[in-house]
Amino acid sequence: MLKDFKDTIIAPVTGVQPSAVAILRISGSQAIDISKKVFSHWPSEFKYRYAYYGTFKNSDDGLLIAFENNKSFTGEECVEWQIHGSLASIQSLIDLSCREGARFAKPGEFTMRAYFNGKIDLTRAEAIKDSIDAKTESHFRLASNVRNGKIYLECLDIKKSILKILAQVEASTDFSEEVGDLNTLEVSEVLTLLLKKLDLLLNSKSSSKLLRKGVRIALVGKPNAGKSSILNMCLGRARAIVTDIPGTTRDTIEESIEIAGFPCILVDTAGLRTARDIVEQIGIDKSKDELENADIVWYVYDASLGWSTEDQEVYGNITCPKIKIANKSDLIRLIPEGIKISTFTSQGHQDLMLATKKLVPGIDIENQIYLNERQTDLLEKIHNLMINSLHTIQNNYSSDLLSVDLYTVIRYISEILGESANPDVIQEIFSEFCLGK
Ligand SMILES: Nc1nc2c(ncn2[C@@H]2O[C@H](COP(=O)(O)OP(=O)(O)OP(=O)(O)O)[C@@H](O)[C@H]2O)c(=O)[nH]1
Ligand SMILES: [Mg+2]
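Residues numbered from 1 in each chain as written. Chains lettered and ligands numbered in written order. Predicted model: local features only at pLDDT ≥ 70, side-chain atom pairs only at ≥ 80, totals over all residues. Heavy atoms only, no water.

Quick word on unusual backbone geometry
This is how it is decided: To qualify as a helix, a DSSP run of H or I must reach at least 4 residues; to qualify as a strand, a run of E must reach at least 2; elements of each kind are numbered from the N terminus. The rule is simple: take the accessible area with a 1.4 Å probe, protein chains only, and divide by the maximum for that residue type; under 20% is buried, over 50% is exposed, in between is partly exposed.
A positive phi angle is found at Lys 328, which is not glycine, with a value near 60°. Along the polypeptide, Lys 328 turns up in the loop between β11 (322-327) and β12 (339-340). In this structure Lys 328 comes out as partly exposed when scored by relative accessible area, which is 23%. For Asn 396, which is not glycine, the phi torsion reads 55° and is therefore positive. For Asn 396, the position within the fold is in the loop between α14 (373-394) and α15 (399-417). For Asn 396, a relative accessible area of 61% puts it in the exposed group.

With respect to the coordination of the magnesium ion (ligand 2)
For clarity, the threshold we go by: Coordination shells were defined by N, O and S atoms within 2.8 Å of each metal, extended to 3.2 Å for Na, K and Ca; water is absent from the atom set, which can make sites look incomplete.
Of the protein atoms, only Ser 228 (OG) and Thr 249 (OG1) coordinate the magnesium ion (ligand 2), at distances of 2.0 Å. Of this pair, Ser 228 sits in helix α10 (residues 227-235) while Thr 249 sits in the loop between α10 and β8 (253-259), and the two are 21 residues apart along the sequence.

Comments concerning the sheet that holds strand β1 (residues 8-12)
Defined as follows: A strand pair is defined by DSSP finding two or more bridges across the two strands. Note on geometry: axes are C-alpha line fits, over the in-contact stretch for helices, and angles between N-to-C directions span 0 to 180 degrees.
In space, the six strands of this open sheet follow the order β3-β4-β5-β2-β1-β6, with mixed pairing throughout. Each edge of the sheet is formed by a strand with only one pairing partner; in this case those strands are β3 (51-55) and β6 (102-104). Strand-to-strand, the axes of this sheet are offset by a mean angle of 25°, without reference to chain direction. Direction of pairing for strand β2 (residues 19-27) relative to strand β5 (residues 78-85): antiparallel, over a ladder of eight bridges.

Thoughts on a nonpolar patch on the surface
Defined as follows: Only residues whose relative accessible area exceeds 30% and that take part in no salt bridge are eligible for patches, with like-charged residues grouped when within 9 Å of each other and nonpolar side chains (Val, Leu, Ile, Met, Phe, Trp, Tyr) grouped when within 5 Å. Shrake-Rupley sampling with a 1.4 Å probe provides the accessible areas, and residues are treated as covered by the protein chains on show and by no other component. Basic side-chain nitrogens of Lys or Arg form a salt bridge, by our definition, when they fall within 4 Å of a carboxyl oxygen of Asp or Glu.
Taken together, Ile 278, Val 279 and Ile 282 make up a surface patch of nonpolar side chains, about 290 Å² in accessible area. Relative to the helices and strands, Ile 282 resides in helix α11 (residues 278-293).

Quick notes on the sheet that holds strand β9 (residues 262-268)
Paired through backbone hydrogen bonds, the strands of a sheet run either parallel or antiparallel to each other. The criterion, for reference: What makes two residues a contact is simply this: any of their non-hydrogen atoms within 4.5 Å.
Strand order in the open sheet formed by six strands is β8-β9-β7-β10-β11-β12, and the pairing between neighbours is mixed. With partners counted over all chains shown, the strands left at the sheet margins are β8 and β12, one partner each. Packed on one face of the sheet, helix α9 (residues 205-213) meets β7 (215-221) and β9 and runs near 60° to β9.

Quick notes on the site of ligand 1
How we decide: Neighbouring residues are identified by heavy atoms, a residue being near a molecule or strand if any of them is within 4 Å of it. Contacts described as polar in this section are N or O atom pairs within 3.5 Å, which, within protein, must combine one atom able to donate a hydrogen with one able to accept it, while residues neighboring in sequence count only if both atoms come from side chains. Asp, Glu, Lys and Arg are counted as charged, while Ala, Val, Leu, Ile, Met, Phe, Trp, Tyr, Cys and Pro are counted as nonpolar; the rest, among them Gly, fall into the polar class.
As a structural note, the neighbourhood of ligand 1 is formed by 23 residues, with Gly 226, Ser 229, Gly 247, Asp 330 and Thr 343 the closest of them. Between ligand 1 and Asn 327, the relevant distance is 3.2 Å, taken from a nitrogen atom to a side-chain nitrogen or oxygen of the residue. Within the complex, 92% of the 650 Å² of free accessible area of ligand 1 lies under protein. Considering each element in turn, the shell around ligand 1 owes the most residues, three residues, to α10. Considering only residue class, the shell around ligand 1 consists of seven nonpolar, 12 polar and four charged.

Here it is in structure tokens:
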């Protein structure tokens, strides 16, 4: 899916300004010409991928590095200017470049060009965004694996094997006298192996989903049990209001933390009781929604008051993985039910983390593949078609049926890789990128 881009585009590729240094990237057929006009020390013996120090036309000074199209990120001539990261310097150089014929780049436009210019396939383009969005190191490393071609290579492998089967099917139909009948045993062995490969890929789908959306942990319990105090203890700061008045928290509060390499969202909720007013009722309804939507529930009770029938009623109805937390354990001697916590002394904090880790699926950085929803969806369709194909071959049904299914598999693989993806899908993917990427 190659495309010829006429415009030369420019944007800062570094983040929040002001900063010590900013990098402006200019990409397209005029990148060098425009750079020559704004950089006053253009070297007489210019070389690509060499850093040159000099002054820019807006009187800033910095470095310039140019990349030829087969070595650049975008697959076009590309020049990067490292300048002072002041808004004024950045804006004036962008204005100067636009006057010389460049245009300000749209979000994701550099990566989109890299994709259309055949530098990367769609899975690697998506992984660039995932790498930028990653909130934990393990998420970043999994996204990097995809960026380095893990899904791309797996898909190419599957595609190659399917094309081979299709060639055999066609040869056995068109030239049966020369090549003989289709070796159904061999084909079903290959299909079985491919199905195992797909199973392995799809095994990562639930942990990929959790990495993407974060593990939602709801802090639930009666008023005054110490839910907000536990939230604050886990964050290491006083995020939620804590008082001894039951019903202090009225709305849900969400904050991110990392547990076992997973981004987790801790959700503090309003204490469960018969509401005293409409505001509290809305808060309690939200707490009940959180109970439904959570991946894990931390059920908190006041250990000094003991485990009540109301606690048991709510706790017993929680269907997702749950942890019983006996808070205020500094107030009692007896070992209560659940994990003993005191937010006053931080006792039990580590135990809580360890117990939660056990409920979060482990991450195997080497073997796991980070899949997004688009890829998962297509891989599942491929998986179903392969099961059909295996069924067709094992029951000696018409080889036309086999061809139709396997050609559809090829089409779906091409969609995963972006070789034949719908333009609207492509547009949507790149529109979610940040500016300068
Ligand atoms: N002794 C003792 N008191 C605690 C502990 N944790 C919290 N408290 C106290 O218990 C009271 C209630 O704490 P919160 O964290 O506001 O309780 P909550 O469950 O969020 O209450 P609501 O928002 O009303 O649902 C406050 O006075 C806290 O200081 C603890 O570990 N030990
Ligand atoms: Mg509270």
